Amino acid sequence: MIWIMMPTNVFWLHWLPDIHKKADSTYFGQQGAYILIYSFPILLIATLGCLCLHLEKYTDDSENRTPRDQRFVSWRQPVLVRGPLGIVSWTELSCLVMFVVLLVWSVSAYVHSMFKNITRQSASKMGELVWEVKLDSVALLLGLVGNICLSFLFFPVTRGSPILRLVGLTSESTVKYHIWLGHTVLTLFTAHGLCYIIFWADTHQMLEMLKWSKVGISNVAGEVALLSGLAMWITSLSVVRRKLFELFFYTHHLYIVFILFFVLHVGFSYSCIMLPGFYLFLIDRLLRFLQSQQRIRLISARVLPCQAMELNVSKDPRLTYNPSSIMFINMKSISKLQWHPFTITSNNNTDPDQLSIVIKSEGSWSQKLYEKLSSPTPIDQLDISVEGPYSPTSTSFLRELVFLASTKKKTPRILLVAVFKKSPDLTMLDLLLPLSGTSHDISQLQLQIQAYVTRDRSPSTDSQKLPQSIWLKPSVVDGPVSAVLGSNSWLWLGAIIAASFIIFLLLIGLLNQYYIYPVDQNTNVIYPYAARSMISTVFLCVSVVIAATLAFIWNKKQNMRDTRQIQNSDSPTPMSRPVPESWRYNVERELESIPHRSFKQVTTVHYGTRPNLQKILSDNNEYNVGVLVSGPKKMREDVAEICSSDLKNLHYRSFSFNCGFWLYLISSKKSFGKIAFVHEN
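Taking an unreviewed UniProt entry as the reference, the protein chain is identified by name as Ferric reduction oxidase 2 belonging to Sesamum calycinum.

As structure tokens, then:
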């Protein structure tokens, strides 16, 4: 409501003055009203959202009732397949349309309110021409609309955002909107700056560019913010980012300079418009940093002939995740600064004590990792740190079905269409089964696999090789992957948001009451804007650090106590006892104690051809179909277009995996829906 009313004279001439009369105090000054109407509502929604998400795990019984996600599953169906934004669901499209409408309304309302009183008489009184006055108004308009876009910029990159979860989105699926918002923000702010430069040049006021006002707008701070934004913008263009990714990555840390000088440019009060998104991002970024300082126990690895690797790390049994989750990995022996996201492929039921990711050797970082693992000289250990996992909760596709089949539960009939470029990639199918000591009965699983190799016309010798299993020696300081805020992470996150905001209000209240108010008397014309803005920004950061760090330390100590209790009460497991020497230094480096199990008996391989998906779907309508694609963007779009246009009466959902694959799930039966969409957000 505030964003809609903000461009109108009703808001500026009536609402805002009335709010100031009732909200301004000796504790918060005039910035108290801006905090109340711009920042508080969003942070309140985020806090209540965390409480709602926490309570969901107690109220959502997928066995007895339809989950909330299934009722709204149609909103997650793709509506746009081809285009600059890629595959867009109805939920994303509705949010996008509302945002565009807000921008159009804001521009039109500002133009109407600003231009209606510009006449020759009013311009001559200011000693300017009509077009110069209009140019001045346009420059201000561009800045105001840019602020609205900036308000949304940080929401898509807040990985643990309760706001995104509440509307059924995830950070990994909305990062494309961060990119487009960034383009829009910098376009508007650049035009904002250029318009003022032209205005100052024409009116002989170029010295305004060097103005740092004690009270009001600081032009120098705005110029520094714009220059840092332009540096991020240029290096984020795809032509630069794809060739010089590290330059893009490190330059993007200029967002700290950008935000700081933006606050100094407009003042802390007006920056409260963009504060909520940045506030939630700041909390998320600090928690990620704290989690990344812990070294993780890497148990084993599987190396495939197609130069793909599966890493298995120890995890807290209470940590839940799903295969569409992602986890960021850092290995200091390869690079101390690089973090790479990978999709989790393991399952809680089949792998309760470990977590698996799959990495394809397609870049310099992954190639170095592959060389280390495939080296003839055995390696003892690898230092690894993680951030995550990040995702909504959903089921684990084939490994979940393996678990259900082994427990004699009824499973749906599944046809998996797997598309690969070369025949060695067929060994990726071996990763569908977990590498664990527990034997799962797959004979009851109703699964058929149709594998297509598009570039090879016959099998190669590499495709006949078995995966190579490597067991690593953990360090005494390594620990399992655990939730950064424990099992009640949403509840703790809500507490951090609320507590840090209260601490922030206490700090600025005391500062204003006993230091600023005696000098300024709430006139906003005596105490420097820059000093007030800088102190408020520092207090905000300090509040977040205090609340988040205390919550993290408390949960870390609690997790250590719980882990010791579990280890003392349970019998030794492969995760807690020393790994036998024969497992570590086996000449063949294969896990001989576990028989090799695969889906070879149910797999049919087709060489030198691509699948005719429409024919497959029509010939196998009694099956639930999953299409696993590792190929060019054109092929992924073909699959999505078939699913969205020709299969409107079927359940359909797509997942992007960071190991280089896309999975499309298609079904006409509700049984598949219960499995594929349970908790799927």
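K.L.:
Would you mind going over the overall build of the protein chain in detail, with residue names and values included?
P.N.:
The helix and strand tally for the protein chain stands at 23 helices and 15 strands. Considering the protein chain as a whole, with its 681 residues, one finds that 51% of them fall into the buried category. A total of about 32000 Å² of accessible surface is found on the protein chain, and carbon and sulfur atoms cover 62% of it.

K.L.:
Give me the lowdown on a nonpolar patch on the surface, citing residues and values where you can.
P.N.:
A contiguous nonpolar surface patch, about 730 Å² in accessible area, is contributed by Leu 36, Phe 40, Leu 44, Leu 48, Leu 51, Leu 55, Tyr 58 and Leu 491. Per-element tally for the nonpolar patch: the top contributor is helix 3 (residues 31-59), with seven residues. You can see Leu 51 is positioned in helix 3.

K.L.:
Account for the UniProt feature "transmembrane region" (unreviewed entry) in the protein chain, naming residues and giving values.
P.N.:
Per the UniProt record, the feature "transmembrane region" (unreviewed entry) sits at residues 33-53, 96-115, 135-157, 177-200, 212-234, 254-282, 490-517 and 529-554. Between the first and last C-alpha atoms of residues 96-115 the distance is 28 Å; the span itself is 100% helix and 0% strand. As a span, residues 529-554 carries 100% helix and 0% strand, and end to end its C-alpha atoms are 38 Å apart.

K.L.:
Which residues make up the sheet that holds strand 8 (residues 385-390), and what are the values?
P.N.:
A sheet is described by the order of its strands in space; here three strands give the open sequence 6-5-8, paired in antiparallel fashion. Bordering the open sheet on either side are strand 6 (340-343) and strand 8, each of which pairs with just one other strand. Pairs of neighbouring strands in the sheet enclose a mean axial angle of 25°, with direction left out of account. Strand direction decides the pairing type here: strand 5 (residues 326-330) and strand 6, joined by four bridges, are antiparallel. Opposite Ile 329, over in strand 6, you have His 340 as the bridge partner.

K.L.:
Mind laying out the packing of aromatic side chains, listing which residues take part and the relevant values?
P.N.:
Within the structure shown, the criterion is met by 21 aromatic pairs. Between Phe 245 and Phe 249, the aromatic rings sit 6.4 Å apart at their centres with planes inclined by 20°, giving stacked as the arrangement. On the criterion of helical spacing, the pair formed by Phe 245 and Phe 249 is a turn pair, its members being four residues apart in helix 12 (residues 245-251). The class of Phe 249 is partly exposed, set by a relative accessible area of 31%. These aromatic residues form a ring-pair network of at least three members: Phe 154, Tyr 255, Phe 278 and Phe 281.

K.L.:
Kindly report on unusual backbone geometry, identifying the contributing residues and their values.
P.N.:
Gly 388 connects to Pro 389 through a cis peptide bond whose omega is 5°. Relative to the helices and strands, Pro 389 is located in strand 8. Phi is positive for His 204, close to 60°, though the residue is something other than glycine. Positionally, His 204 belongs in the loop between helix 9 (171-202) and helix 10 (219-236). Among the residues examined, His 204 registers a relative accessible area of 73% and is labelled exposed.

K.L.:
Any chance you could break down the packing of helix 3 against helix 15 (residues 275-292) for me, citing the residues and the numbers?
P.N.:
Where helix 3 meets helix 15, the axes come as close as 8 Å, and the angle between the chain directions of the two elements is 45°. One way to sum up the angle between helix 3 and helix 15 is to call them oblique. Across the interface between the two elements, Tyr 38, Ser 39, Ile 42, Leu 43 and Ala 46 of helix 3 pack against Leu 275, Pro 276, Tyr 279 and Leu 280 of helix 15.

K.L.:
Please provide a residue-by-residue account of the side chain of Ser 385, values included.
P.N.:
Tracing the sequence through the fold places Ser 385 in strand 8. With residues near it in sequence (within four places) discarded, Ser 385 still touches Ser 292, Gln 294, Arg 295, Ile 296, Phe 328, Ile 329, Asn 330, Lys 332 and Trp 339.

K.L.:
An account of the sheet that holds strand 7 (residues 354-360) is needed here, citing residue identities and associated values.
P.N.:
Strand order in the open sheet made by the four strands is 7-4-3-11, with antiparallel pairing throughout. Only two strands of the sheet have a single partner each, and these edge strands are strand 7 and strand 11 (468-471). Strand-to-strand twist in this sheet, taken as the mean axis angle between neighbours without regard to direction, amounts to 20°. Bridge analysis of strand 3 (residues 298-303) against strand 4 (residues 308-314) gives five bridges, and the strand direction is antiparallel. If you follow Leu 298 over to strand 4, its bridge partner there is Val 313. Contacting strand 3, strand 4, strand 7 and strand 11, helix 16 (residues 364-374) crosses the sheet at an angle of about 75° to strand 4.

K.L.:
Before we move on, can you summarise helix 16 with the specific residues and values?
P.N.:
Along helix 16, the residues that are buried comprise Trp 365, Ser 366, Leu 369, Tyr 370 and Leu 373. Seen end-on, helix 16 carries its buried residues on one side only, within an arc spanning 135°.

K.L.:
Describe helix 2 (residues 9-23), naming the residues involved and giving the relevant values.
P.N.:
End to end, helix 2 covers 20 Å across 15 residues, agreeing with the expected 21 Å (1.5 Å per residue, within 8%). Trp 15 marks the point of greatest bend in helix 2, at about 35°, and the proline Pro 17 comes within the next four residues. Within helix 2, the full set of buried residues consists of Phe 11, Leu 16 and His 20. Elements in contact with the buried residues of helix 2: helix 1 (2-5) and helix 3.

K.L.:
How would you summarise the pairing of strand 10 (residues 447-453) if you had to cite specific residues and measurements?
P.N.:
Each regular strand displays side chains that alternate between the two surfaces of the sheet. In terms of residue burial, strand 10 counts as a mostly covered element, since six of its seven residues are buried. Examined bridge by bridge, strand 9 (residues 414-420) and strand 10 share seven bridges and lie parallel to one another. Across the sheet, Val 419 pairs through a bridge with Tyr 452, a residue of strand 10. Here strand 10 pairs with strand 12 (residues 603-607) via five bridges, running parallel.

K.L.:
Before we move on, can you summarise the side chain of Ser 335 with the specific residues and values?
P.N.:
The topology assignment puts Ser 335 in the loop between strand 5 and strand 6. Relative accessible area serves as the criterion here: at 13%, Ser 335 is assigned to the buried category. A polar side-chain atom of Ser 335 sits 3.2 Å from the main-chain amide nitrogen of Gln 338. Filtering out sequence-adjacent residues up to four positions away, Ser 335 remains in contact with Asn 330 and Trp 365.

The rules behind each value
Starting afresh in each chain, residues are numbered from 1 along the sequence in its written order. Only residues with pLDDT of at least 70 are given local features in this predicted model, and only at 80 or more are side-chain atom pairs given and counted; all residues enter the totals for whole chains, interfaces and linings. Think of the side-chain values as coming from all heavy atoms in the structure, minus any hydrogens and water. Per the convention used, a helix needs a DSSP run of H or I reaching at least four residues, while a strand needs a run of E reaching at least two, with both numbered from the N terminus. Only protein chains enter the area calculation, which uses a 1.4 Å probe; residues under 20% of their type maximum are buried, those over 50% are exposed, and those in between are partly exposed. The Shrake-Rupley method, run with a 1.4 Å probe, gives the accessible areas here. Residue values count only the displayed protein chains as cover. Only residues whose relative accessible area exceeds 30% and that form no salt bridge enter a patch; like-charged residues are grouped when within 9 Å of one another, and nonpolar side chains (Val, Leu, Ile, Met, Phe, Trp, Tyr) when within 5 Å. We define a salt bridge as a side-chain nitrogen of Lys or Arg found within 4 Å of a carboxyl oxygen belonging to Asp or Glu. UniProt positions are given in the numbering used here, feature names are shortened, and annotations may be inferred rather than shown by experiment. Paired strands are those between which DSSP finds at least two bridges. Axis geometry follows a simple rule: fit a line to the C-alpha atoms, using only the stretch in contact for helices, then measure angles between N-to-C directions, giving values from 0 to 180 degrees. Only Phe, Tyr and Trp rings are paired, with Trp represented by its six-membered ring, and only when their centres lie within 6.5 Å; those with planes under 30 degrees apart are stacked, over 60 edge-to-face, the remainder tilted. Angular relationships are summarised with four words: roughly parallel below 35 degrees, roughly antiparallel beyond 145, roughly perpendicular across 65 to 115, and oblique for the angles in between. The criterion used for residue contact is that any of the two residues' heavy atoms lie within 4.5 Å. Our arc is simply the arc of the directions from the helix axis toward the C-beta atoms. Any helix carries an expected span of 1.5 Å times its number of residues minus one. Throughout, bend refers to the angle between the axes fitted to the seven residues that end at a position and the seven residues that start at it. Each polar contact in these results corresponds to two N or O atoms within 3.5 Å; when the atoms are within protein, one needs to be able to donate a hydrogen and the other to accept it, and residues that are neighboring in sequence are counted only if both atoms are side-chain atoms.

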